[in-house]
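# What the coordinates show
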Amino acid sequence: MNPKPQPNQPISRRNFLRDGTRIAAMTGIGALLGVAATRSSTAKTSVWQIDPAKCVRCGQCATACVLKQSAVKCVHSYAICGYCNLCTGYFEPEPNALTTAAENQLCPTAAIKRTFIEDPYYEYTIDETKCIGCAKCVEGCNRFGNGSLYLQVRHDRCVNCNECSIARVCAGDAFRRVPVDEPYLLKLTH
Amino acid sequence: MGELLSHRFVSRRGFMKRSMGAAAAAGLAAWSARAAGAKSGTPNPFAYDVDRLKKTDPKWLHYRQIGQFKVPREEARRLTIGPAGRLYVSAGNYVCVLDAQGGRVTEIALSASARCAAVARDGTVYVSLRDHVELFDDKGQRRGTWESPGRRTWITGLAVGESDVFAADSGNRVVLRYDRSGKLAGRIGEKNKDRNVPGFILPSPFLDVELHQDGLLRVNNPGRHQVEAYTPEGDLELVWGKATMSIEGFCGCCNPIALALLPDGRIVTCEKGLPRVKVYSVKGEFESVVAGVETFAENAKVCDPSDCTTGGLDAAVDAAGRVYVLDLVANDIRVMTRKAGAG
């Protein structure tokens, strides 16, 4: 004795709105909980970093960061450096002379300091307060040198945006999340 | 009235369909905008521009190419020419012996990678297997193995005279002098203030040695961007070379990486990074370009900081003054001859 099947009734506007509002509210609460859970776990467990092997030195790190001066800085692996007299990370491609005169320097902000060690070796040190993360020196060093200069996100500056604005435009897809207890991807060998 | 009702009610299915369509369209638009932003972008205002250095001024190009052929084995590293005009190419675990047109004459099979070779006037072939030297007769039969001189030995260049064999050891930054029986007779080029020898600087393993007709050795000192001339006893007689990216000098961390000698005594240099082959006078005055960067486009791309032993060129000169240029990336040899009336 099954009841007679009723033909489908059109849904009234009131019922539709009521059901829609309920579903929307439930979805919203779920999404909020999800975002909260993800954000809290992300903030605690991972940070943004640049993989030096993928970096293509596109210059976006200098211009795309939300900070006025980028959180990305050039860092130097002294173990790899050749301490070259003609450092292609320090000098313009065709310098007038191998001196520290401004017109000979590649860095647009003169953020690299050149110090004589002994003939013919020179040490190169990055002044991070001046470095804008443009990667010009990194390109020079990688193109003709040992590749000891490379870019890293400095976590004393980075605000760890949920969606990193540099990562969004990074031409080499070099940005990735790394564990917060190992926040740097260091180059230790060639 | 019925028409009005049909407009007022939206079915759940219809609503879902329209919502999903709108969401998909919005997502696609956002993705395309992001992709376009990342890829098109604006030109890099901080670009490191060396394009102008990749073009050689035609006035310096005094050579033209008259041949090109592949090396029959992979991983070619060094090239030398024997007394009969044959080419000896160290490639993989072989020394390939080729005629001047690239035809295979024979090959010497080895137990490890051949790093370089030199051929004596009597046909004896000296081959570096990184840490020691092995000897072969002109038929490819092994005739001897010399003891390795040390743990860090990495022999990257060999030169043979009437009574001496000189081995450029990149690992220990020294040129070792042997007699023809393999007995160590001297060490050349080690840093020594009393003898005014500055020492070799080798950011990458490219130490080469050639025995010049003037009786002096020519050794490249790539970290100093120089070529040095030593007596067989180890006295430094002459130094030339300038660190610059301009055509007249040597650039990058370490150049020149290889040397060859023309019949009249002028010196051919090979560079990596900006791969080019040039000719200098005996005193070190820049004279001409055998082949510029534009000749070795793939080689110019490959000098990789993750492995600075990749890329580069080597050269050898035959009795007629033709320069054979080995491209380590293309694994081929170009034959260059001087243009009529050049220079």
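Conventions we followed
Residues numbered from 1 in each chain as written. Chains lettered and ligands numbered in written order. Predicted model: local features only at pLDDT ≥ 70, side-chain atom pairs only at ≥ 80, totals over all residues. Heavy atoms only, no water. Helix = DSSP H or I, 4+ residues; strand = E, 2+ residues; numbered from the N terminus. Rg over C-alpha atoms; globule rule 2.2 N^0.38 Å. Buried < 20%, exposed > 50% of the residue type's maximum accessible area, 1.4 Å probe, protein only. Contact = heavy atoms within 4.5 Å. Areas by Shrake-Rupley, 256 points an atom, 1.4 Å probe, with all protein chains shown as cover. pLDDT = per-residue confidence, 0-100. Salt bridge = Lys/Arg side-chain N within 4 Å of Asp/Glu carboxyl O. Core = buried A, V, L, I, M, F, W, Y, C linked by side-chain atoms within 4.5 Å. Pairing = 2+ DSSP bridges. Buried area = accessible area lost by both parts, 1.4 Å probe. Polar contact = N/O pair within 3.5 Å; in protein donor to acceptor, adjacent residues only side chain to side chain. Nonpolar A, V, L, I, M, F, W, Y, C, P; charged D, E, K, R; others polar. Axes fitted to C-alpha atoms, helices over the stretch in contact; angles between N-to-C directions. Disulfide = S-S within 2.5 Å. Phe/Tyr/Trp six-rings, centres within 6.5 Å; stacked < 30°, edge-to-face > 60°. Lys NZ or Arg CZ within 6 Å of the ring centre and 35° of its normal.

### What to know about the overall build of chain A
Scanning chain A from terminus to terminus reveals four helices and six strands. Shown N-terminal to C-terminal, the secondary structure of chain A runs as helices and strands in the order α-β-α-β-β-β-α-β-α-β. Radius of gyration (C-alpha) of chain A: 27 Å, far over the 16 Å computed for a compact globule of 190 residues. Considered along the principal axes of its C-alpha atoms, chain A spans approximately 105 × 30 × 25 Å.

### Details of the overall build of chain B
Within chain B, the regular secondary structure consists of three helices and 24 strands. The buried share among the 343 residues of chain B stands at 52%. In chain B, of all internal contacts separated by at least 6 residues, the share reaching a separation of at least 24 is 46%. Element-wise, carbon and sulfur atoms account for 50% of the exposed surface of chain B, whose accessible area totals about 15900 Å².

### Focus: the confidence of the model for chain B
All names here are of chain B. Overall, the prediction assigns chain B a mean pLDDT of 90, with 90% of residues at 70 or greater. Scored below 50 in pLDDT, residues 1-6 makes zero contacts in the model with residues more than four places away or belonging to other chains. Taken together, the chains of this predicted complex give a pTM of 0.80 and an interface ipTM of 0.72.

### Things to note about the pattern of salt bridges
Residues and elements named next belong to chain A. Applying the stated criterion across every chain, the model contains 30 salt bridges over all chains. Where Arg18 meets Asp19, a salt bridge forms, and the shortest distance between an N and an O atom there is 3.8 Å. Using a relative accessible area of 24% as the deciding quantity, one classes Asp19 as partly exposed. Residues Glu163 and Arg168 are paired through a salt bridge, measuring 3.8 Å at the closest nitrogen-oxygen approach. What emerges from the salt-bridge pattern is a single network uniting Arg57, Glu139 and Arg143.

### Details of the nonpolar core
Residue and element names in this part refer to chain A. In this structure, Ile50, Val72, Cys74, Leu151 and Phe175 are the most contacted members of the largest nonpolar core, which totals 42 residues. Here this core takes four residues from helix H3 (residues 136-144), the largest share from any one element. Not counting chain neighbours up to four residues away, the residues in contact with Phe175 comprise Trp48, Gln49, Ile50, Cys61, Val72, Val153, Cys164, Ile166, Ala167 and Cys170.

### Points about the pairing of strand E17 (residues 236-240) of chain B
Residue and element names in this part refer to chain B. As defined by bridge partners, strand E16 (residues 226-230) adjoins E17 across four bridges and the pair is classed as antiparallel. What sits directly across from Ala229, in E17, is Leu238. Hairpin connection between E16 and E17: a loop of five residues separates the two successive antiparallel strands, and Gly234 in this loop has a positive phi of roughly 105°.

### Here's the deal with unusual backbone geometry
For residues other than glycine, phi is negative in most cases, and the peptide bonds are mostly trans. Cis geometry marks the peptide bond from Asp119(A) to Pro120(A); its omega dihedral reads 0°. Its place among the elements puts Pro120(A) in the loop between strand E3 (112-118) and strand E4 (121-126). Cis peptide bonds are those with omega within 30 degrees of zero, and the linkage from Asn255(B) to Pro256(B) qualifies with 0°. Relative to the helices and strands, Pro256(B) resides in the loop between E17 and strand E18 (258-261).

### Structural notes on the interface of chain A and chain B
Contacts between the two partners involve 37 residues from chain A and, on the opposite side, 34 residues from chain B. With both sides pooled, the region where chain A packs onto chain B buries about 3200 Å², and carbon together with sulfur makes up 59% of that total. The partner of Arg224(B) in a salt bridge is Asp119(A), and the shortest N-O contact between them spans 3.1 Å. If you look at where chain A meets chain B, you find six residue pairs in polar contact (both at pLDDT 80 or more). Broken down by secondary-structure element, the contributors of at least two residues to the side of chain A that touches chain B are helix H1 (13-45), helix H2 (60-63), H3 and helix H4 (165-169) of chain A. Of all the elements, H3(A) adds the most residues to the side of chain A that touches chain B, at six residues. Its residues placed into classes, the side of chain A that touches chain B shows 16 nonpolar, 10 polar and 11 charged.

### Focus on H3(A)
All names here are of chain A. In terms of burial, H3 is largely enclosed, as eight of its nine residues are buried. Those residues of H3 not exposed but buried are Lys136, Cys137, Val138, Glu139, Gly140, Cys141, Asn142 and Phe144. Check the buried side of H3 and you find it contacts strand E2 (72-76), E3 and strand E5 (149-153).

### Details of the sheet that holds strand E20 (residues 277-280) of chain B
Residue and element names in this part refer to chain B. Across the sheet, which stays open at both edges, the four strands sit in the order E18-E19-E20-E21 with antiparallel pairing between neighbours. Edge positions in the open sheet fall to E18 and strand E21 (286-291), since each of these has one partner strand only. Taken pair by pair, the neighbouring strands of this sheet meet at an average axis angle of 25°, ignoring direction. With four bridges connecting them, E20 and E21 associate as antiparallel partners. Residue Tyr280 lies in a different strand from E21, and its bridge partner there is Phe286.

### A word on the sheet that holds strand E15 (residues 217-221) of chain B
All names here are of chain B. The strand order across the open sheet built from four strands is E14-E15-E16-E17, with neighbouring strands paired in antiparallel fashion. The open sheet terminates on both sides in strands that have one partner only, identified here as strand E14 (209-211) and E17. The mean inter-strand angle of the sheet, taken between neighbouring strand axes irrespective of direction, is 20°.

### A few points about the state of the cysteines
One covalent bond between the sulfur atoms of two cysteine residues makes up a disulfide. As enumerated under the stated definition, the model contains one disulfide over all chains in all. Two residues, Cys253(B) and Cys254(B), share a disulfide whose sulfurs are 2.3 Å apart. Taking the relative accessible area as the measure of exposure, Cys253(B) reaches 4% and is therefore buried. Free cysteine: Cys170(A), not disulfide-bonded; nearest cysteine sulfur from Cys58(A) at 5.5 Å. There is no disulfide at Cys251(B), and the cysteine sulfur nearest it, in Cys253(B), is 9.1 Å away.

### Description of the packing of aromatic side chains
Residue and element names in this part refer to chain B. Going through the model one piece at a time under the given rule, you end up with 11 aromatic pairs over all chains. Both rings, one in Trp240 and one in Phe250, keep their centres 6.4 Å apart while their planes meet at 40°; by these two values the pair is tilted. On the criterion of sequence distance, the pair formed by Trp240 in strand E17 and Phe250 in the loop between E17 and E18 is long-range, its members being 10 residues apart. Across the pair, Phe250 and Trp240 agree in class, each one buried. In textbook terms, an aromatic cluster arises when at least three aromatic residues are bridged by ring pairs, as seen for Trp60, Trp240, Phe250, Tyr280 and Phe286. Sitting over the ring of Tyr94, Arg73 keeps its end group 3.7 Å from the ring centre. One cation-aromatic arrangement involves Arg130 over Trp154; the distance from NZ or CZ to the ring centre is 3.8 Å.

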